[in-house]
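Chain by chain, the residues:
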Amino acid sequence: MTPTTGSRKRRRLLLASDRIDRSRDLWAILQCVADVDTTGLSGIPESPAGRFAGIVVDINLRSLESVMQVRSKLCAEAYRSMPRLFVLADTFHHASMQAGALDATDTILRPLDAQAVLQRVRAAFPDDDGSTANANALNRGIAAAHAVLVKIFESLPAGVPLSFSDVMEAEQEILTAIKLASLRDWLATVGRHHTHTYRHCLFVTGFAAAFAQHLGMREDDQRRLARAALLHDVGKAFVPVAILDKPGRLDDEEKDEIRRHARLGYDALVRQGGFPSEMLDVVLHHHEMLDGSGYPDGLRGDQISDIVRLTTIVDIHAALVEKRAYRLPLTHAKSFATMEEMGGKIDQHLLQAFRPVALGC
Ligand SMILES: [Fe+2]
Ligand SMILES: [Fe+2]
């Protein structure tokens, strides 16, 4: 199977120079991270119309003529919000003052240091001209997942049914978000959610979608895993919020109450009807351990299905890297090491396949 990964379009830059032959070294460096259009100063287009992520200006900042030409172009409305890097021939005050007067976002110093140039380019310019589209996809994916969680946690306890089609509607948006944006962006955004239980479910969903895509699963299987993740804690809708969001460690009684969520969620979906058996399996068994030490049924080994094993891994990892009121979040690396130490409780082969996803965040 070929893993599918999100691909990003290269940024496109305009390199404006008053001595194009002398700017070749800069052009060669910029090519590493961008498609670069080169132009003399008279050729700077009046209306770049969203074609460029930014402009790099390589001129003699002591030449009044060059400075005036650049100023006349860049003060136009079409360039107002475009980031701009200026190349300085030296560290003298005059050149950097001049660049500042031309609203430089940042400056690059000659002689050129390729690494330093690339670092400044990456920082100054969005990394692709489709970043807005990716951000929109991310927001749509999170909104779709969130809408399902609202139905679960606010409507279900009040007796408003959750249907399987409610869940299916969200799946494609979630997968597209992870594909076009990134798991890191997903986690950063949902990590700001104020409710711990929502945050957890959104984390698990993000990890599950990214894991499915990393494994190169068929689209259909990606959907199955994403929906399993989204639904896995549906039973927490029936656990008192005071326990779910308790800003401290739980006592034994409260832990027992929380543990009931697996069975409560399963019962609710069975009552509802229309949910595939594997979804019911995930909801009921995602806290089972391969050595029989889990709950609620103390299943072991082959009694635990693949989709449950996958969900369990992303569920545990998400829980460990989430911030809690009573402990700092673990780093992804520390969480992964902790799960390795769990040995035969979880599927260690699957865990190793999860390594690039977990450590890539
Ligand atoms: Fe759970
Ligand atoms: Fe969970």
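Since the structure is predicted, the reported quantities are computational estimates derived from the model, not experimental observations.

Undergrad: Hey, could you run me through a negative patch on the surface in this one?
TA: On the surface, Asp-251, Asp-252, Glu-253 and Asp-256 cluster together into a negatively charged patch. Looking at the element boundaries, Glu-253 is found in helix α11 (residues 252-259). Take Glu-253: its relative accessible area is 68%, and that puts it in the exposed class.

Undergrad: I'm lost on the UniProt feature "domain: HD-GYP" (unreviewed entry) in the protein in this one. Help?
TA: Here the UniProt feature "domain: HD-GYP" (unreviewed entry) sits at residues 175-361. Annotated as 63% helix and 0% strand, the span residues 175-361 places its first and last C-alpha atoms 17 Å apart.

Undergrad: Teacher, can you tell me more about empty space enclosed by the protein here?
TA: One water molecule sets the probe size; rolling that probe over the atoms shows where empty space is left. Throughout the structure, instances matching the rule amount to 1 cavity of 30 Å³ or more. Of the voids in this model, the largest cavity is the one considered here, and its volume is about 40 Å³. If you go around the largest cavity, the residues you meet are Glu-288, Met-289, Leu-290, Ile-304, Arg-309, Thr-312, Lys-345, Ile-346 and Asp-347. A class-by-class count of the residues in the lining of the largest cavity yields 4 nonpolar, 1 polar and 4 charged.

Undergrad: Honestly, the sheet that holds strand β2 (residues 34-39) in this entry has me stumped. Any pointers?
TA: Across a sheet, paired strands are connected by hydrogen bonds in the backbone, their directions being either parallel or antiparallel. Spatial strand order, β2-β1-β3-β4-β5: 5 strands in an open sheet with parallel pairing. The sheet terminates laterally at β2 and β5 (106-109), the two strands that pair on one side only. The average undirected angle you get between the axes of adjacent strands in this sheet is 25°. Note that strand β3 (residues 54-58) and strand β4 (residues 84-88) share 3 bridges and pair parallel. Residue pairing across strands places Ile-55 opposite Arg-84, the latter belonging to β4. Contacting β1 (11-17), β4 and β5, helix α4 (residues 114-124) crosses the sheet at an angle of about 165° to β5.

Each value, and the rule that gives it
- Per-chain numbering applies: the sequence of each chain, read as written, is numbered from 1 onward.
- Whichever chain is written first becomes A and whichever ligand is written first becomes 1, with later ones labelled in order.
- Local features in a predicted model are, by the rule used here, given only for residues with pLDDT of at least 70; side-chain atom pairs are given and counted only at 80 or more, and totals for whole chains, interfaces and linings are based on all residues.
- Working from all heavy atoms in the structure, the side-chain values ignore hydrogens and water.
- Exposure above 30% relative accessible area and the lack of any salt bridge qualify a residue for a patch; like charges then connect within 9 Å, and the nonpolar side chains Val, Leu, Ile, Met, Phe, Trp and Tyr within 5 Å.
- Using a 1.4 Å probe, accessible areas were evaluated by the Shrake-Rupley method; residue-level cover was limited to the displayed protein chains.
- Put simply, a salt bridge is a Lys or Arg side-chain nitrogen that is within 4 Å of an Asp or Glu carboxyl oxygen.
- His is not counted, nor are the chain ends; Lys and Arg add positive charge and Asp and Glu add negative charge.
- Charged groups are reduced to one reference atom each: NZ for lysine, CZ for arginine, CG for aspartic acid, CD for glutamic acid.
- A helix here means a DSSP run of H or I that spans at least four residues, while a strand means a run of E at least two residues long, and both kinds are numbered starting from the N terminus.
- Remark: exposure states derive from per-residue accessible area (1.4 Å probe, protein chains only) relative to the maximum for the residue type, with buried under 20%, exposed over 50%, and partly exposed in between.
- UniProt positions are given in the numbering used here, feature names are shortened, and annotations may be inferred rather than shown by experiment.
- Cavities and pockets are found on a 1 Å grid laid over the protein atoms alone: a cavity is a set of points where a 1.4 Å probe fits but cannot escape, a pocket is an open set with protein on both sides within 12 Å along at least five of seven lines, and a lining residue has an atom within 4 Å of such a point.
- Grid points are joined across faces, edges and corners, and a volume is the space filled by probe spheres set on the points.
- Each residue gets one of three labels, nonpolar for Ala, Val, Leu, Ile, Met, Phe, Trp, Tyr, Cys and Pro, charged for Asp, Glu, Lys and Arg, and polar for the others, Gly among them.
- Strand pairing follows a simple DSSP-based rule, namely that at least 2 bridges must link the two strands.
- Axis definition: a line fit to C-alpha positions, over the contact stretch in the case of helices; interaxial angles, taken between N-to-C directions, run 0 to 180 degrees.
- Any two residues having at least one pair of non-hydrogen atoms within 4.5 Å are treated as being in contact.

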